[in-house]
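# Structural overview for review
Each chain, letter by letter, is given below.
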Amino acid sequence: LTKFQYARMLAAALAWFSHRQGDRIGLVLYSDTVKLYIPPSTRHLSLILHSLDRAAPEGVGGGTDARDAITELLGRTGITVFVSDWYATPEFVRQALGQVRVRGHDVIAFHLIDPAERSFPYEEAASFEDLETGERISVVPAALRAQYQSSVAEHYQQLATELSRVGVDYHQLGATEPLDLALYQYLQRREALQRVR
């Protein structure tokens, strides 16, 4: 599965669980702008699942326009879940999700990570393409692996730190983890945290 396919499955599973509990569910799909908005309702499960099935990646994700538009769309408070690979500066992510948090929403940020993004297991020189911008860069993996892994680990740590500052529940998911197990472990952890509060 690609991260995008995994994200669609995760969103569909969360929508289904929430619907089963009688919660109102909605959906926002965005890249540089909002592409689709389905307002929260107890009757929108089929529409959300259909929209997720038809969704395709497009454009560069998470610009200021999309951030501000999403914040304006979110009305009454509730649980708001963001699913992304968070390829943005940690400060930008904190500002974006912090805007939603200060409006009273319980914000959860799922960070989808392909295991290769951590380990950078490539051996031969290759050209890598940014799927959002189309930019290509030639890389000799062995020469950059240690620096790359250090940069990625620092980015992940900064994300966790910045999001905890604004009270966002940040959780990493490996895009190869069985989804049922990953969600079960996350929900157990969240329940334990809420008992402590």
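Before any of the text, the structure's been laid out above.
Residues numbered from 1 in each chain as written. Predicted model: local features only at pLDDT ≥ 70, side-chain atom pairs only at ≥ 80, totals over all residues. Heavy atoms only, no water.

With that settled, the discussion passes to the overall build of the chain. Looking only at helices and strands, the chain has 7 helices and 7 strands in total. Along the chain direction, N to C, the helices and strands of the chain fall in the order α-β-β-α-α-β-α-β-α-β-β-α-β-α. Taken over C-alpha atoms, the radius of gyration comes to 17 Å for the chain, in line with the 16 Å a tight globule of 197 residues would show. Along the first, second and third principal axes, the C-alpha set of the chain runs to 50 × 40 × 30 Å. Looking at the chain residue by residue over its 197 residues, the buried ones come to 35%. (Helix = DSSP H or I, 4+ residues; strand = E, 2+ residues; numbered from the N terminus. Rg over C-alpha atoms; globule rule 2.2 N^0.38 Å. Buried < 20%, exposed > 50% of the residue type's maximum accessible area, 1.4 Å probe, protein only.)

Right, let's get into the environment of Arg67. By the element assignment, Arg67 lies in helix H3 (residues 64–73). Taking the C-alpha atoms as reference points, Arg67 and Ser31, separated by 36 residues in sequence, lie 9.6 Å from one another. Apart from the residues within four sequence positions on either side, Arg67 is in contact with Phe92, Gln95, Ala96 and Gln99. (Contact = heavy atoms within 4.5 Å.)

Relative to strand S6 (residues 136–139), strand S5 (residues 126–129) runs antiparallel, the two being bridged by 4 bridges. Bridged to Phe128 within S6 is Ile137. Joining the antiparallel neighbours S5 and S6 is a turn of 6 residues, in which Gly134 adopts a positive phi near 85°. (Pairing = 2+ DSSP bridges.)

Right, let's talk about the pattern of salt bridges for a bit. In this structure the tally under the stated criterion is 12 salt bridges. Between Glu58 and Lys35 there is a salt bridge, and its shortest N-O distance comes to 3.7 Å. Placement of Glu58 in the loop between helix H2 (45–54) and H3 and of Lys35 in strand S2 (residues 34–41) is noted, with a sequence separation of 23 residues between them. For Lys35, a relative accessible area of 41% translates into the label partly exposed. Ionic pairing is found between Arg165 and Glu162, a salt bridge with its closest N-O pair at 3.0 Å. Of this pair, Arg165 and Glu162 both sit in helix H6 (residues 141–165), 3 residues apart, roughly one helical turn. When salt bridges with common partners are traced through the structure, they connect Asp106, Asp169, Arg189 and Arg190 into a single cluster. (Salt bridge = Lys/Arg side-chain N within 4 Å of Asp/Glu carboxyl O.)

Judged by pairing direction, the sheet is parallel, and its 3 strands sit side by side in the order S3-S4-S7 without closing on themselves. Edge positions in the sheet fall to strand S3 (79–84) and strand S7 (169–174), since each of these pairs with one other strand and no more. Pairs of neighbouring strands in the sheet enclose a mean axial angle of 20°, with direction left out of account. Judged from the 6 bridges that link them, strand S4 (residues 106–113) and S7 form a sheet pairing that is parallel. (Axes fitted to C-alpha atoms, helices over the stretch in contact; angles between N-to-C directions.)

Relative orientation of the contacting elements helix H4 (residues 90–101) and H6 amounts to 30°, with a least axis distance of 9 Å. Between H4 and H6, the crossing angle belongs to the class labelled roughly parallel. The handedness of the crossing between H4 and H6 comes out as right-handed. Facing Pro90, Glu91, Val93, Arg94 and Leu97 of H4, the residues of H6 in contact are His155, Gln158, Leu159, Glu162, Leu163 and Arg165. Tallied by class, the residues present in the contact of H4 with H6 amount to 5 nonpolar, 2 polar and 4 charged. (Parallel < 35°, antiparallel > 145°, perpendicular 65-115°, else oblique. Left-handed = near helix turned anticlockwise from the far one by under 90°. Nonpolar A, V, L, I, M, F, W, Y, C, P; charged D, E, K, R; others polar.)

With that settled, the discussion passes to the packing of helix H1 (residues 3–20) against H2. The geometry of H1 relative to H2 is characterised by a closest axis approach of 10 Å and an angle of 175° between their N-to-C directions. When the interaxial angle is binned, H1 and H2 end up roughly antiparallel. Contact with H1, carried on its side by Arg8, Ala11, Ala12, Ala15, Trp16 and His19, involves Leu45, Ile48, Leu49, Leu52 and Asp53 of H2 and no other residues of that element. Of the residues contributing to the contact of H1 with H2, the split by class is 8 nonpolar, 1 polar and 2 charged.

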